[in-house]
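Observations on chain architecture
Now for the letters of each chain:
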Amino acid sequence: WFARAVVLPAVSIPDSATAVGVGAFASGKNLTRVVLGSGVKRLEGLAFSYCGSLSDVTLSKSLEYMGGYAFGECTSLASIEIPKSLTSSSYEFAGANMMYGPFAKSGLSSVTFEPGTTCVAPYLFYDCDELKRISLPETTTTLGSNAFARCDGLTAVSIPDSTTTVGVGAFASCKNLTRVDLGS
């Protein structure tokens, strides 16, 4: 575990690794860059949480699961591309009615998805206050439950024609969401 390691400016997880453990690099104050190798399929909860200087993240194209608060409070992280392989995520529970998705309380304001993405995982952006812009590919068929819940920065969303399933609470409690364009 490298939790609270203040000397690491960058982390590159090797292609041979299949997972990054719970809280593995949490609170890395000097950590600015993370690259997950091609073999990483699971990113456990709190893995890079509280890394306030983290601004550059490359996710594995094989990533299937991301745990709650994996990038929680990474306030310098402004944008990210989500791989099409990511279909499952969870939240961290912090008491009564306090749930945090993988990017909760981060600086994430813009999200793109790898071409060919069909699913936005449940809870993926839950409580991502700074999120202002999402670009869903035309191949998106499913928006998971609570995928964008409590994203107060969202004001407008376009849902592609291909989307057939919008999970319960996908945009719940998005205080400033005033426009949703639905596919035909």
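An account of the accompanying structure is given in this report. (Residues numbered from 1 in each chain as written. Predicted model: local features only at pLDDT ≥ 70, side-chain atom pairs only at ≥ 80, totals over all residues. Heavy atoms only, no water.)

A word on the side chain of Ser60. By the element assignment, Ser60 lies in the loop between strand E5 (56-58) and strand E6 (65-66). Within the structure, Ser60 has its side chain in polar contact with the backbone oxygen of Val40 (distance 3.0 Å). Contact partners of Ser60, with chain neighbours within four places excluded, come to Leu36, Gly37, Ser38, Gly39, Val40, Pro83 and Ser85. (Helix = DSSP H or I, 4+ residues; strand = E, 2+ residues; numbered from the N terminus. Polar contact = N/O pair within 3.5 Å; in protein donor to acceptor, adjacent residues only side chain to side chain. Contact = heavy atoms within 4.5 Å.)

With that settled, the discussion passes to the packing of aromatic side chains. Throughout the structure, instances matching the rule amount to 12 aromatic pairs. For the pair Tyr69 and Tyr100, a centre-to-centre distance of 5.2 Å together with 50° between the ring planes defines the contact as tilted. In this pair, Tyr69 is assigned in the loop between E6 and strand E7 (79-82) and Tyr100 in strand E10 (residues 99-100), connecting sequence segments 31 residues apart. Across the pair, Tyr100 and Tyr69 agree in class, each one buried. Judged by centre distance (5.4 Å) and plane angle (15°), the ring pair of Phe103 and Phe125 falls under stacked. On the criterion of sequence distance, the pair formed by Phe103 in the loop between E10 and strand E11 (110-113) and Phe125 in the loop between strand E12 (119-120) and strand E13 (133-135) is long-range, its members being 22 residues apart. When sorted by exposure, Phe103 lands in the same class as Phe125, which is buried. Put simply, the rings of Phe25, Phe48, Phe71, Phe103, Phe113, Phe125, Phe148 and Phe171 touch in pairs and so form one group of aromatic residues. One Lys or Arg, Arg42, reaches over the ring of Tyr65 and ends 4.1 Å from the middle of that ring. (Phe/Tyr/Trp six-rings, centres within 6.5 Å; stacked < 30°, edge-to-face > 60°. Buried < 20%, exposed > 50% of the residue type's maximum accessible area, 1.4 Å probe, protein only. Lys NZ or Arg CZ within 6 Å of the ring centre and 35° of its normal.)

Strand order in the open sheet formed by three strands is E1-E3-E5, and the pairing between neighbours is parallel. Single-partner strands in this sheet number two, and they are strand E1 (10-13) and E5. The mean inter-strand angle of the sheet, taken between neighbouring strand axes irrespective of direction, is 0°. Relative to strand E3 (residues 33-36), E1 runs parallel, the two sharing four bridges. Within E3, the residue paired with Val11 across the bridge is Val34. (Pairing = 2+ DSSP bridges. Axes fitted to C-alpha atoms, helices over the stretch in contact; angles between N-to-C directions.)

Here we take up the sheet that holds strand E2 (residues 19-20). The strand order across the open sheet formed by four strands is E2-E4-E6-E8, and the pairing between neighbours is parallel. Each edge of the open sheet carries a strand with a single partner, namely E2 and strand E8 (88-89).

Sheet topology note: the E7/E11 ladder contains four bridges and is parallel. Of the residues in E11, the one forming a bridge with Glu81 is Thr112. Taken together, the three bridges between E11 and E13 define a ladder with parallel strand orientation. Of the residues in E13, the one forming a bridge with Val111 is Ile134.

Counting residues in hydrophobic clusters, the biggest one holds 49 residues, and the most contacted among them are Phe48, Phe71, Phe103, Phe125 and Phe148. If you list the elements that add at least two residues to this core, you get E1, E3, E7 and E11. The residues touching Phe103, leaving out its near neighbours within four places in the chain, are Met66, Phe71, Leu77, Ile80, Ile82, Leu108, Leu124, Phe125 and Cys128. (Core = buried A, V, L, I, M, F, W, Y, C linked by side-chain atoms within 4.5 Å.)

Turning our eyes to something else, we now look at the pattern of salt bridges. A side chain with one charge can pair with a side chain of the opposite charge if their charged atoms come near. Scanning the entire structure with this criterion turns up 10 salt bridges. As a salt-bridge pair, Asp181 and Arg179 come within 3.0 Å of each other at their nearest N and O atoms. A residue is classified by how much of its surface remains accessible, and Asp181, at 29% relative accessible area, is partly exposed. Beyond isolated ion pairs, a larger network of salt bridges with shared partners links Lys105, Asp127, Asp129 and Arg150. (Salt bridge = Lys/Arg side-chain N within 4 Å of Asp/Glu carboxyl O.)

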